[in-house]
Amino acid sequence: MAGEQKSKAKMEQAKGKAKETVGRAVGNERMEAEGRAEQATGDARQSKEKAKDVFKR
C-alpha cells in the first residue's frame, strides 16, 4: 500500500509539472496554477509517506 501511495505522489508531481510547463508555454495562468497545485498535492502525499516510514522503524 505504501509503495502505491509513493508512486501516486510521484505521478501527481510529474503531472503537475507538465501541466505547469504547458500552461506557461501557452500563457494560460489558470493551467499553470493548477499544475503548481497538483505538484503541492504530490509533495504533501510524499511527505506523509516519508513520515510514516520514519515511524515504522
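Relevant structure appears above.
The structure contained in this document is the topic of the report that follows. Just so you know, these numbers come straight off a predicted model, no measurement behind them.

1. Here we look at helix α1 (residues 2-26)
Piece 1. Between its first and last C-alpha atoms α1 spans 36 Å; for 25 residues at 1.5 Å apiece the expected length is 36 Å, and the two agree.
Piece 2. Looking only at α1, the buried set comprises A2, Q5, A9, E12, Q13, G16, E20 and G23.
Piece 3. Where α1 is buried, its residues touch α2 (29-56).
Piece 4. Immediately downstream of α1, the backbone of G27 shows phi near 80°, a positive value.

2. Examining the packing of α1 against α2
Piece 1. Put simply, α1 and α2 touch, their axes get as near as 7 Å, and they point 160° apart. The orientation of α1 with respect to α2, classified from their angle, is roughly antiparallel. The hand of the α1/α2 crossing is left-handed.
Piece 2. Its residues assigned to classes, the contact of α1 with α2 shows four nonpolar, nine polar and 18 charged.

Conventions we followed
- Residues numbered from 1 in each chain as written.
- Predicted model: local features only at pLDDT ≥ 70, side-chain atom pairs only at ≥ 80, totals over all residues.
- Heavy atoms only, no water.
- Helix = DSSP H or I, 4+ residues; strand = E, 2+ residues; numbered from the N terminus.
- Expected span 1.5 Å × (residues − 1).
- Buried < 20%, exposed > 50% of the residue type's maximum accessible area, 1.4 Å probe, protein only.
- Contact = heavy atoms within 4.5 Å.
- Axes fitted to C-alpha atoms, helices over the stretch in contact; angles between N-to-C directions.
- Parallel < 35°, antiparallel > 145°, perpendicular 65-115°, else oblique.
- Left-handed = near helix turned anticlockwise from the far one by under 90°.
- Nonpolar A, V, L, I, M, F, W, Y, C, P; charged D, E, K, R; others polar.

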